[in-house]
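Observations on the three-dimensional arrangement
The residues making up each chain are set out below.
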Amino acid sequence: METQKPKIAMYVQRTFGDKLNATFDFIKENWKVLLKYVTYLLLPVSLIQALSMNGLMGMMLGTADPAVVEAMFTDSGQVVTFVSYYGLLLLISLIGTNLLGALVYTLMRLYNEREQRLSGIEFGELKPLLYRNFKRLFSLTLFAIFMMVLIGLVIGVLASLVSSFSVLFVFLLLLVGLLLLAPLLLWGSIYLFEDISLMKAFSKAFRLGFATWGGVVLMAIVMGFLASILQGVTTMPWYISILVKTFFIASDAGNGIGTSAGYNFMLYLFGVLQAFGAYLAMIFYLVGLAYQYGHAAEKMDSVRIEEDINHFDQL
């Protein structure tokens, strides 16, 4: 009988290599559960996302003709259609990304809390925590978007006041902003794993993030690079199909392959594959940041030691 490996603890100080190993080990151990629930929740989102994405791309392909461009900006119906496709794509992408983050962190939290890990877990068991995490992550995302818009406006105003060095000034401001905002990559993990308010999670993200700034940035870069490679694999069929369709439209070929119903249906299926593949690839990024948060929390707050003491008092 095969001996089960020890549970991958969340709150442990790890080297960067150990954090990578913990990420891959968690996904390897629970890939069936992850794939099951990601398919259950994100495949319907991907179906809608592919519709909006292909509709938007179809309109953009027509802009190669100057007459079509002029018609788009003079025909109110075309403008409404374009804005509708673009708005739907943004909304669905926002919902899908937040739903994925809520699902992954729900499963990770239950993995740590359940004695049997994720073995035999049913949707009804994770539904309450999933709903709570989705609401929290969605509110966090909206607040973060508001912050980004506000920061962008401030940078724009400051750049306009320094006209002679505006380009360099904006570049330096963006660089400093990225360095200062890097700790906020832990914001979502803190807010979903801990029962604290949004602003307390915000301040704690800065405290933990600056204390482990190098690890946060390196984890984001490595996992983001890995996710981009995986996403590129699933995006390639859709991208090649778009290029082929663009070629047929530009060459004005009479065979109508690029505009046929069969070809458009194939393009839609590839769009679903691209959207769903992007969500699957994002799992590596989310799990990696979660273990980076666990490392930072243990290093700064000794969370695991406090939990052990609490459990000892309950015996």
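One can find the structure itself at the top, above this paragraph.
Residues numbered from 1 in each chain as written. Predicted model: local features only at pLDDT ≥ 70, side-chain atom pairs only at ≥ 80, totals over all residues. Heavy atoms only, no water.

Our next topic: the side chain of Arg136. Mapping Arg136 onto the fold places it in helix H4 (residues 123-161). Buried and without a salt bridge, Arg136 has Asp195 as its closest oppositely charged side chain, separated by 5.1 Å. In this structure the side chain of Arg136 is engaged in a polar contact, spanning 3.0 Å, whose partner is the backbone oxygen of Ile196. Beyond its immediate chain neighbours, meaning those up to four positions away, Arg136 contacts Tyr191, Leu192, Glu194, Asp195 and Ile196. (Helix = DSSP H or I, 4+ residues; strand = E, 2+ residues; numbered from the N terminus. Buried < 20%, exposed > 50% of the residue type's maximum accessible area, 1.4 Å probe, protein only. Lys, Arg positive; Asp, Glu negative; His and termini not counted. Salt bridge = Lys/Arg side-chain N within 4 Å of Asp/Glu carboxyl O. Polar contact = N/O pair within 3.5 Å; in protein donor to acceptor, adjacent residues only side chain to side chain. Contact = heavy atoms within 4.5 Å.)

All right, on to the packing of helix H7 (residues 198-211) against helix H9 (residues 261-301) then. Relative orientation of the contacting elements H7 and H9 amounts to 90 degrees, with a least axis distance of 9 Å. Taken as axis vectors, H7 and H9 run roughly perpendicular relative to one another. Taking contact as the criterion, the partners of Lys204, Arg207, Leu208 and Ala211 in H7 are, on H9, Tyr293, Ala296, Ala297, Lys299, Met300 and Asp301. Partitioned by chemical class, the residues of the contact of H7 with H9 number six nonpolar, no polar and four charged. (Axes fitted to C-alpha atoms, helices over the stretch in contact; angles between N-to-C directions. Parallel < 35°, antiparallel > 145°, perpendicular 65-115°, else oblique. Nonpolar A, V, L, I, M, F, W, Y, C, P; charged D, E, K, R; others polar.)

Judged by nonpolar contacts, the single largest core of 61 residues is most densely connected at Phe26, Leu42, Tyr105, Met108, Trp187 and Tyr293. Contributing elements (two or more residues each) for this core: helix H1 (16-61), helix H3 (76-113), H4, helix H6 (187-193), H7, helix H8 (213-251) and H9. At twelve residues, the largest contribution of residues to this core is made by H9. With sequence-adjacent residues up to four places away left out, Tyr105 is seen in contact with Asn133, Gly188, Ser189, Leu192, Phe193, Leu286, Leu289 and Ala290. Met53, Leu56, Trp238 and Ile242 belong to the second-largest nonpolar core, a separate cluster that totals six residues. (Core = buried A, V, L, I, M, F, W, Y, C linked by side-chain atoms within 4.5 Å.)

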